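Inside the fold
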Amino acid sequence: MSLTYTPVSDIPKIVQGLRSAFHAGVTRSLDFRKTQLRAMYNMISENDAAIREAVFLDLHKPPAELMIGESGMVKQECIDAIKNLDKWAANRSVKTGIVNKFDNVHIRKDPLGMVLIIGAWNYPLNLLLAPAVGAIAAGNTVLLKPSEVAPHTAALLTKLLSAYLDQRAYRVVNGAAAETSLLLEHRFDHIFYTGSGQVGRIIMGAAAKQLTPVTLELGGKSPAFISRDVDIAITARRLAFGKFFNCGQTCIAPDYLIVERGIEDKLIEAFKASILEFYGTSVQSSNSYGRIVNKSHFQRLKGLLDETKGKIVVGGELDEDNLFISPTLVLGVEKGDKLMEGEIFGPILPLMIVDRLVEGVKYVNQGDQPLALYVFSKNKKAIDYILDHTRSGGVVVNDALVHFIVSNLPFGGTGPSGIGNYHGKRSFDVFSHERSALIKSMGMEKLNDLRYPPYSEKKTRWLDWFLFDKASFGGKAAIDAPPSNTRSSNSSTVNGASSISSNPNGRTSSPALPENQHHKAAAKSENGNISHAPEASTATATTAV
C-alpha cells in the first residue's frame, strides 16, 4: 500500500471543516465521544493482521513488540477513557470561604477546540493514536499527521481512520516537510508533537506565532547507572530487553551505561548470554528482532560506529541491504566520544566506566535532562542519592522501558527532553481546559455592601477578615493586627515572637460588627476556612555513592 500525500490545496479546507464541526458542537456530547473511542478500539481489533503487516514492512517489528508497545497500549487507553469519561469530564467543586459559601463554585473540563497531533515513525501506531484517544475523550476535533517515514502504517491508518471515525471531526493529512509547514501556518488550539528536539523547536516556534500551547514528546540520552552490588545476570537481561526492543529505536531506550569499575567484564558476558537467549545464534535470522527504519538512519548509526574511539566488544555486524545492525556493546567510551554527542536511537550501547557512581551523576548533570533515567542497584542510599541529584522525565529502578506501559504514570520529558506529559487521565487533561466557574444568585445583595464604594477603614478591615485567612504561625510580619474594636484577643509570647490565639476555626477573633451587620457573622461557617499545610521538614543527607 503506497502513501499518497495530501494535496496542499486541500489542507485549508480540512482545517476549516474541523473548526466548523467543533463550533457546531459535533464532539460535545459524552455519548458521541464514547462512540468514537469504541470505534477506534474496534478499528485496531478488527484489523490486527493488516496492522501487523504494515508495521512489519516499515520496521520489521515482531508481533509481540507491536502488541506490547503499540496496539495493546492504544486499546488500553480506549478502555480507560470509555470507563472513566463521565468522571473525568464532570464538574469539580472547590472549597470556598464564607464570602462564596452560597455560590456554585466549580471547575469545568472544557474541550480546547481543534487540535493537531503529529506522530512519530518508531511507534507509528501508538504515538499517533494514544494522544488522539485523549483528544477525542476531551471533546476536540482532531487533525492527525502520521509520520511519512513509516509509509505503510501511515497509508493503512489513513484508510482505516476514515472508515471508522466520524470524518466531520477527525481527519488525516499526509505529507513531509512542505505539508507539515503549511499545517503549522494555521491556528490550532493545541499541538501535540512526538519526535526529535530539532523538529520540536520548529514546531514550538511556529506555535508561538499563534500563541498555541504545545505538548512536545522528545528524547535525549537516557543513562543507566549500574552499581557493583547488582545481580549482573538479571541486570543484563533487563537492559538487553529495554535497549534492543524495537531495534533500539525507542525514545526512552537506555542510551548508555554508567558502570562501576570492576564488574564490566562480567556484565559484558551476561549481555552475550542474554542476546543468545533472546535471539539465538543468528540474530539476523531471528523473528524477534527488528530492523533500522531506512538507509539514512542506517548510515547515521554506521557512522557512529566508524568514529567511536571505544572498543566493540559485542556485536558490530551490519547489513545495509537488510537494514540490519546487530545488538552492539562498545566498551571504554569516554566523555567526548562520538557516541556520547547525541541520542543514538539504535541498537548500540556504550559503556562508560567510573570509579564511583557520583562521577556519573556529575556527568549526567552537565548535559540536558534525559527523557528517562535508569538505576540498577540494591543499595537504597545509592538509589536515593542518584534520584535526588538528577533530573529526568521519568525514572525506573532495576528495570528498563517498562514505565511506558503503565497508563496511570504520566509520561513526558523535562527541559529539552519534552514539555508536558500524557497517558491515562493525563491525556484527557492535556486536551482539556480547566475553566473556572462561579455562579452567584441575584439575591442577598445586602451582603455585598462591604465591597461597594464608598470605602472606609471599617469596611476594609471587615473585608480583610471575611476574604483572607490569617497566619497561624508567629512573627510580627506574618500577623495582621485585628481592628481596634475587636471583641477580645489573648496575646502570648512564644520564643520571643508575639502571636494571637485563634478561634477553633483558625480565624483570629472577629472585629466587632458594624451596626445591623450581625447577620453576616451568623453566616460564617467553621468549615469555610482554608486549612493551613504544616511546615515542611526537609533534610538532605549527603551520601557517598
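Residues numbered from 1 in each chain as written. Predicted model: local features only at pLDDT ≥ 70, side-chain atom pairs only at ≥ 80, totals over all residues. Heavy atoms only, no water.

As recorded in an unreviewed UniProt entry, the protein goes by the name Aldehyde dehydrogenase, listed as coming from Linnemannia hyalina. In the Sequence similarities (unreviewed entry) part of its UniProt record, the protein is described as follows: "Belongs to the aldehyde dehydrogenase family." (UniProt positions renumbered as here; feature names shortened; annotations may be inferred.)

Re the overall build of the protein
From N to C terminus, the protein includes 16 helices and 22 strands. Across the 545 residues of the protein, 50% fall into the buried class. Of all intrachain contacts in the protein linking residues separated by at least 6 positions in sequence, the fraction that spans at least 24 positions is 72%. In the structure as shown, the protein presents an accessible area of about 25600 Å², 52% of it carried by carbon and sulfur atoms. (Helix = DSSP H or I, 4+ residues; strand = E, 2+ residues; numbered from the N terminus. Buried < 20%, exposed > 50% of the residue type's maximum accessible area, 1.4 Å probe, protein only. Contact = heavy atoms within 4.5 Å. Areas by Shrake-Rupley, 256 points an atom, 1.4 Å probe, with all protein chains shown as cover.)

Structural notes on the UniProt feature "active site" (unreviewed entry) in the protein
Annotation from UniProt places "active site" (unreviewed entry) at Glu-217 and Cys-251. These annotated residues cover 35 residues of sequence, and their C-alpha atoms all fall within 9.0 Å of one another, placing them together at a single site. According to the relative accessible area criterion, Glu-217 is buried, its value standing at 2%. If near-sequence neighbours (up to four positions away) are discounted, Glu-217 is found in contact with Phe-192, Tyr-193, Thr-194, Gly-195, Phe-411, Gly-412, Gly-413, Ser-417, Gly-420, Asn-421 and Tyr-422. Looking at the secondary structure, you find Cys-251 in the loop between helix H9 (232-244) and strand E9 (256-260).

A word on the pairing of strand E8 (residues 223-226)
The side chains of a regular strand alternate between the sheet's two faces. On E8, burial covers both faces: Pro-223 and Phe-225 on one face and Ala-224 and Ile-226 on the other are all buried. What joins E8 to E9 is H9, and the crossover it makes is right-handed. Note that E8 and strand E15 (residues 372-376) share three bridges and pair parallel. Looking across to E15, one finds that Ile-226 is bridged to Phe-376. (Right-handed = clockwise from strand over helix to strand, strands pointing away. Pairing = 2+ DSSP bridges.)

Considering the sheet that holds strand E20 (residues 432-439)
One open sheet holds the three strands; their spatial order is E1-E2-E20, and the pairing between them is antiparallel. Every interior strand has two partners, whereas the edge strands, strand E1 (92-93) and E20, have only one.

Overview of the sheet that holds strand E10 (residues 311-314)
What the seven strands build is an open sheet, ordered E10-E13-E14-E9-E8-E15-E16; its pairing is mixed. Each of the sheet's edge strands pairs with one partner strand only, and the pair in question is E10 and strand E16 (394-397). Pairs of neighbouring strands in the sheet enclose a mean axial angle of 25°, with direction left out of account. Judged from the four bridges that link them, E15 and E16 form a sheet pairing that is parallel. Along E16, the bridge assignment pairs Val-375 with Val-397. Lying over the sheet, helix H13 (residues 380-388) contacts E8, E15 and E16, oriented at roughly 165° with respect to E15. (Axes fitted to C-alpha atoms, helices over the stretch in contact; angles between N-to-C directions.)

Some thoughts on the nonpolar core
Ranked by size, the top nonpolar core spans 122 residues in total, and within it Met-40, Leu-129 and Leu-257 carry the most contacts. Ranked by residues supplied to this core, first place goes to helix H5 (residues 126-137) with nine residues. The residues touching Leu-257, leaving out its near neighbours within four places in the chain, are Ala-224, Ile-226, Leu-239, Leu-267, Phe-271, Leu-349, Pro-350, Leu-351 and Met-352. (Core = buried A, V, L, I, M, F, W, Y, C linked by side-chain atoms within 4.5 Å.)

Looking at unusual backbone geometry
Most peptide bonds adopt trans geometry, and most residues besides glycine take a negative phi value. Residue Pro-453 is joined to Pro-454 through a cis peptide bond whose omega torsion reads 0°. Residue position: Pro-454 is located in the loop between E20 and helix H15 (457-467). Even without being a glycine, His-423 presents a positive backbone phi close to 100°. Note on placement: His-423 falls in the loop between strand E19 (421-422) and helix H14 (425-430). Classification of His-423 as buried rests on a relative accessible area of 2%. Residue Met-444 is not a glycine yet carries a positive backbone phi of 55°.

Quick notes on the environment of Gly-134
Tracing the chain through its elements places Gly-134 in helix H5. With 53 residues separating them along the chain, Gly-134 and Ala-81 place their C-alpha atoms 7.5 Å apart.

Points about the packing of aromatic side chains
Under the counting rule described, the total for this entry stands at 16 aromatic pairs. Measuring from centroid to centroid gives 4.9 Å for Phe-192 and Tyr-422, while their planes differ by 80°, and the two rings are edge-to-face. Of this pair, Phe-192 sits in strand E6 (residues 190-194) while Tyr-422 sits in strand E19, and the two are 230 residues apart along the sequence. With respect to class, Phe-192 is no different from Tyr-422; both count as buried. Every member of this aromatic cluster is reached through a ring pair, and the members are Tyr-123, Phe-192, Phe-404, Phe-411, Tyr-422 and Phe-431. The cationic tip of Lys-61 hangs over the ring face of Tyr-123; the distance from NZ or CZ to the ring centre is 4.1 Å. (Phe/Tyr/Trp six-rings, centres within 6.5 Å; stacked < 30°, edge-to-face > 60°. Lys NZ or Arg CZ within 6 Å of the ring centre and 35° of its normal.)

Remarks on the pattern of salt bridges
Enumeration over the complete set of coordinates arrives at 26 salt bridges. The shortest N-O distance in the salt bridge between Arg-108 and Asp-110 comes to 3.3 Å. The exposure class assigned to Asp-110 is buried, which follows from its relative accessible area of 6%. Between Arg-261 and Asp-355 there is a salt bridge; the shortest N-O distance is 2.7 Å. Of this pair, Arg-261 sits in the loop between E9 and helix H10 (264-279) while Asp-355 sits in the loop between strand E14 (348-354) and helix H12 (357-366), and the two are 94 residues apart along the sequence. What you see here is one network of salt bridges that share partners, running through Arg-92, Lys-109, Lys-425, Asp-429 and Glu-434. (Salt bridge = Lys/Arg side-chain N within 4 Å of Asp/Glu carboxyl O.)

Points about the packing of helix H2 (residues 30-46) against H5
Where H2 meets H5, the closest approach of the two axes is 9 Å, and the angle between their N-to-C directions is 160°. As summarised for this structure, H2 and H5 are arranged roughly antiparallel, according to the angle between their axes. The chirality of how H2 crosses H5 is left-handed. When H2 is examined against H5, the residues Arg-33, Gln-36, Leu-37, Met-40, Met-43 and Ile-44 are found in contact with a partner set consisting of Leu-129, Ala-132, Val-133, Ile-136 and Ala-137. Considered class by class, the residues forming the contact of H2 with H5 number nine nonpolar, one polar and one charged. (Parallel < 35°, antiparallel > 145°, perpendicular 65-115°, else oblique. Left-handed = near helix turned anticlockwise from the far one by under 90°. Nonpolar A, V, L, I, M, F, W, Y, C, P; charged D, E, K, R; others polar.)

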